[in-house]
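Chain by chain, the residues run as shown.
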Amino acid sequence: QVQLVESGGGLVQAGGSLRLSCAASGSIFSVNAMGWYRQAPGKQRESVAITTSGGSTNYADSVKGRFTISRDNAKNTVYLQMNSLEPEDTAVYHCYANVRTLLFRTGDYWGQGIQVTVSS
């Protein structure tokens, strides 16, 4: 069993910053890719930022230059620093991890989601 627990969301004014954190725990052998997706009301879930275990990163065009993803491999934790937030960033943000378990099975895991609201 693998759990992802997110923290750091909330309400912020446009132009402000927030930092999301997500810690993976449980029967983990290794964590491969980790990242963040978001889903706004009435829209499909979209990828925001992904980082591999080797440190490569990929960002959605809409957040490039404003968001930074990082990870602490020793803690199985991924972070998303969000600067210059815009009302369009309002969404539920979900943490994602591709995990190889202690039973050597690899699968995708998701956090329950955390609300980020940006007021204009």
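Look up: the structure comes first, before these words.
Computed from a prediction, not measured in an experiment: that's the story for all the values here.

Colleague: What should I look at first to understand the pairing of strand S8 (residues 77-82) in this one?
Modeller: The side chains of a regular strand alternate, first on one face of the sheet and then on the other. The buried fraction of S8 amounts to five of the six residues, a majority that puts the element mostly inside the structure. Note: strand S3 (residues 18-26) against S8, six bridges, orientation antiparallel. Counted as the bridge partner of Arg19 is Gln81 from S8. In the sheet, strand S7 (residues 67-72) pairs with S8 via six bridges, with the strands oriented antiparallel. Note on S8: the bridge partner recorded for Ile69 is Leu80. Once S7 ends, the chain turns through four residues before running back antiparallel as S8, passing Asn76 with a positive phi of about 50 degrees.

Colleague: Would you take a moment to explain the state of the cysteines for this structure?
Modeller: What is meant by a disulfide is a covalent connection between two cysteines, made through their sulfur atoms. Per the counting criterion, the structure on display carries one disulfide. A sulfur-sulfur distance of 2.0 Å marks the disulfide that ties Cys22 to Cys95. Linking Cys22 and Cys95, the disulfide has an S-S dihedral of approximately -85 degrees and is accordingly described as left-handed. Here the residue Cys22 occupies a position in strand S3, and Cys95 occupies one in strand S9 (residues 91-101), the gap between them amounting to 73 residues.

Colleague: How should I be thinking about the packing of aromatic side chains in this particular structure?
Modeller: Pairs of aromatic rings are described using the distance from one ring centre to the other and the angle between the two planes. Applying the stated rule across the entire model yields four aromatic pairs. Aromatic pair Tyr37 and Tyr96: ring centres 5.8 Å apart, planes at 70 degrees, arrangement edge-to-face. With Tyr37 in strand S4 (residues 28-39) and Tyr96 in strand S9, the pair connects residues that are 59 residues apart, well separated along the chain. Seen in terms of ring centroids, Tyr96 and Trp110 are 5.2 Å apart; in terms of plane orientation they differ by 50 degrees. Their pairing is tilted. Here Tyr96 is found in strand S9, whereas its partner Trp110 is found in strand S10 (residues 106-110), with 14 residues between them in sequence.

Colleague: Would you take a moment to explain the environment of Ala14 for this structure?
Modeller: Relative to the helices and strands, Ala14 is located in the loop between strand S2 (10-13) and S3. A residue is classified by how much of its surface remains accessible, and Ala14, at 41% relative accessible area, is partly exposed. Residues Ala14 and Val118, 104 residues apart in the sequence, show an inter-C-alpha distance of 5.7 Å. Not counting chain neighbours up to four residues away, the residues in contact with Ala14 comprise Leu85, Pro87, Val118, Ser119 and Ser120.

Reading guide: rules and limits
Residues numbered from 1 in each chain as written. Predicted model: local features only at pLDDT ≥ 70, side-chain atom pairs only at ≥ 80, totals over all residues. Heavy atoms only, no water. Buried < 20%, exposed > 50% of the residue type's maximum accessible area, 1.4 Å probe, protein only. Helix = DSSP H or I, 4+ residues; strand = E, 2+ residues; numbered from the N terminus. Pairing = 2+ DSSP bridges. Disulfide = S-S within 2.5 Å. Phe/Tyr/Trp six-rings, centres within 6.5 Å; stacked < 30°, edge-to-face > 60°. Contact = heavy atoms within 4.5 Å.

Just distances and angles here, no functional claims.
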